[in-house]
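Structural description and commentary
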Amino acid sequence: MPKTMLGVIFAENPEAKMGELTQYRSLAAVPVGGKYRVIDFILSNMVNSGINSVGVTTRYNYQSLMDHIGTGKPWDLNRKQNGLFILPPYVAKDNVDRVQGGVDVLYGALGFLRKSQQEYALIADCNTVCNMNFTPALERHIETDADITLLYNVEDIPESELEKQILLNLNDASKITDIHVYPTSKKSDNVYMNMFIIRRTLLIQLIEDCVAHGEHVISKDIFIKNLNRLKIFGYQYDGFVHRIDSIPTYFAFNMALLSKENRDKLFSDGNIYTKVKDSVAAKYGKDCVVKNSLVADGCVIEGTVENSILSRGVHVAKGARVTNSVIMQNSDIQENCEVDSVIFDKDVTIRVGKKLMGQATYPVFISKHIVV
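Overview of the structure. Predicted model, so just to flag it, every value in this text is computed and none were measured. (Residues numbered from 1 in each chain as written. Predicted model: local features only at pLDDT ≥ 70, side-chain atom pairs only at ≥ 80, totals over all residues. Heavy atoms only, no water.)

Let us look at the pattern of salt bridges. Summed over all chains, the structure comprises 17 salt bridges. Of the charged contacts, one joins Arg25 and Asp345 as a salt bridge, the two residues approaching to 2.9 Å between their closest N and O atoms. Here Arg25, found in the loop between strand 1 (5–10) and strand 2 (31–32), pairs with Asp345, found in the loop between strand 25 (342–344) and strand 26 (349–350); they are 320 residues apart in sequence, far enough to count as distant. On the accessibility criterion, Arg25 (5% relative accessible area) is buried. (Salt bridge = Lys/Arg side-chain N within 4 Å of Asp/Glu carboxyl O. Helix = DSSP H or I, 4+ residues; strand = E, 2+ residues; numbered from the N terminus. Buried < 20%, exposed > 50% of the residue type's maximum accessible area, 1.4 Å probe, protein only.)

This is the structure in structure tokens:
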């Protein structure tokens, strides 16, 4: 890279409504695609872009996240200089409830930012899934002499989803002229990807200024507040993008991975790394039927699996039928069961002959360790 850049990843997103999926784990640690976690994509993107110093901010329930990323070895971030840093929240009697927005989270990471030597910083949410090399974005940031560069994609967002989006207006030079935070009507098709590039020292200055004035929200108190004072540009990304911020969007992303076209878009540009757990190969029974599905190691398939994603160690017994579903690790679907459009968390058991039916837009979710 022409200039060095560090990364900061938010392991949580207060705007995401993931229900029981994040009751015992952080958003970054939610399993996806049968073998990955949500954080694997943005973390791999940073490593593939030459970023060798990454801080991961945490708040609650981050034990499973720490177990997954560990010292960062799968991403070649277990090193003496730079590497992977877990940035847990600073908790004291007088600040338990002070974390109100992204500014507060970054304020908790000021020690990491101050000690770092990199000239630039890439700040990103964990739940925007893509496969992006950030080198061209940094080069454009330097070329335009921007103070802040917001990464965005062009997408036709449905009216019902606008309240969760940040939309950007840009001029012909890609300078941002207006920012719409959670609008009620469509103002633009330029959707902010919750990632931005900024000079590290400027970021520290802006965080300290926000904290001194009791300001908490990055989009409003850093971007909009400084829109006319700083040079804020946009950088368009044209590849596959999916935001995981609810049970339906989580389900939709997993179902999208069943398309070879989508898998090619997501996995062709750079490797996506994850923590590898060695296991025996999946075992397929003589009379089983498996169609258009992703099946992880250690599964035992004796029944029918169609249009579904199965994580490690899932058992589908004889006469059982699994369609349009996401089944997580070590779940047991017993004889003559039928499940359609469901999400099973880890270690779910559905007993002989039971049926569970959901809808693609409203899948049935079963929490971990539940016996149906």
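Attention now goes to the sheet that holds strand 27 (residues 355–357). With respect to topology, five strands assemble into an open sheet ordered 15-18-21-24-27, the strand pairing being parallel. Each having just a single partner strand, strand 15 (289–291) and strand 27 make up the two edges of the open sheet. Between one strand axis and the next, the sheet turns through 5 degrees on average, direction left out of account. (Pairing = 2+ DSSP bridges. Axes fitted to C-alpha atoms, helices over the stretch in contact; angles between N-to-C directions.)

Further remarks concern the layout of surface pockets. Empty space within the largest pocket amounts to approximately 680 Å³. Of all the secondary-structure elements, those providing two or more residues to the lining of the largest pocket are helix 3 (102–108), strand 6 (120–125), strand 11 (190–199) and helix 7 (218–224). At four residues, the largest contribution of residues to the lining of the largest pocket is made by strand 11. Looking at the lining of the largest pocket, its residues break down into 15 nonpolar, twelve polar and eight charged. Lining the second largest pocket are 27 residues, with Gly34, Lys35, Tyr36, Ala296 and Arg312 positioned closest to its centre. Among the elements of the structure, strand 3 (36–37), helix 2 (63–69), helix 9 (260–267) and strand 16 (294–295) are those that each provide at least two residues to the lining of the second largest pocket. In the lining of the second largest pocket, the residues fall into ten nonpolar, seven polar and ten charged. (1 Å grid on protein atoms, 1.4 Å probe; cavity = no way out; pocket = protein on both sides within 12 Å on 5 of 7 lines; lining within 4 Å. Points joined across faces, edges and corners; volume = space filled by probe spheres on them. Nonpolar A, V, L, I, M, F, W, Y, C, P; charged D, E, K, R; others polar.)

Take unusual backbone geometry next. Most of the time, phi is negative for any residue but glycine, and the peptide bond is trans. Here the phi dihedral of Tyr182 falls at roughly 50 degrees; this positive angle occurs in a residue that is not glycine. Relative to the helices and strands, Tyr182 is located in the loop between strand 10 (176–181) and strand 11. Phi angles above zero are rare outside glycine, and Asn292 is one such case at about 45 degrees. Checked against the element boundaries, Asn292 lands in the loop between strand 15 and strand 16. On the accessibility criterion, Asn292 (44% relative accessible area) is partly exposed.

The next thing to look at is the pairing of strand 11. The buried fraction of strand 11 is high, at eight of ten residues. Looking at chain direction, strand 6 and strand 11 are connected through five bridges and run antiparallel. From the neighbouring strand, Leu122 faces strand 11, where its bridge partner is Ile197. Bridge count between strand 8 (residues 148–154) and strand 11: six bridges; the pairing is antiparallel. What sits directly across from Val154, in strand 11, is Asn190.

In this section: empty space enclosed by the protein. A probe matching the size of a water molecule, rolled over the atoms, marks out where space remains unfilled. Inspection of every chain in the model, using the stated rule, returns two cavities of 30 Å³ or more. In this model, the largest cavity occupies a volume close to 50 Å³. Glu20, Leu21, Gln23, Tyr24, Arg25, Asp345, Ser367 and Lys368 are the residues that line the largest cavity. The residue inventory of the lining of the largest cavity, partitioned by class, reads two nonpolar, two polar and four charged.

Once that is clear, we can look at the sheet that holds strand 19 (residues 309–310). Strand order in the open sheet made by the five strands is 16-19-22-25-28, with parallel pairing throughout. Among the strands making up the open sheet, the edge pair consists of strand 16 and strand 28 (364–366).

Right, let's talk about the pairing of strand 9 (residues 166–170) for a bit. As defined by bridge partners, strand 9 adjoins strand 10 across five bridges and the pair is classed as antiparallel. From the neighbouring strand, Leu168 faces strand 10, where its bridge partner is Ile179. Two successive antiparallel strands, strand 9 and strand 10, enclose a turn made up of five residues, where Ser174 displays a positive phi of approximately 70 degrees. Bridge analysis of strand 9 against strand 11 gives two bridges, and the strand direction is antiparallel. Residue pairing across strands places Leu168 opposite Asn190, the latter belonging to strand 11.

Glancing now at the packing of aromatic side chains. Taken as a whole and assessed by the stated rule, the structure comprises seven aromatic pairs. Summarising the aromatic geometry, the rings of Tyr36 and Phe41 are spaced 5.6 Å apart at their centres and angled 50 degrees between planes, so their arrangement reads as tilted. Exposure remark for Tyr36: the relative accessible area of 12% places this residue in the buried category. What makes Phe41 buried here is its relative accessible area of 1%. Here Phe196 and Phe223 contribute two aromatic rings whose centre-to-centre distance is 5.1 Å and whose plane-to-plane angle is 85 degrees, an arrangement assigned as edge-to-face. Linking Phe196 in strand 11 with Phe223 in helix 7, this pair joins segments that are 27 residues apart in sequence. Accessibility expressed as a relative area gives 2% for Phe223, which makes it buried. Three or more aromatic residues joined by ring pairs form one cluster here, namely Tyr36, Phe41, Phe253 and Phe267. (Phe/Tyr/Trp six-rings, centres within 6.5 Å; stacked < 30°, edge-to-face > 60°.)

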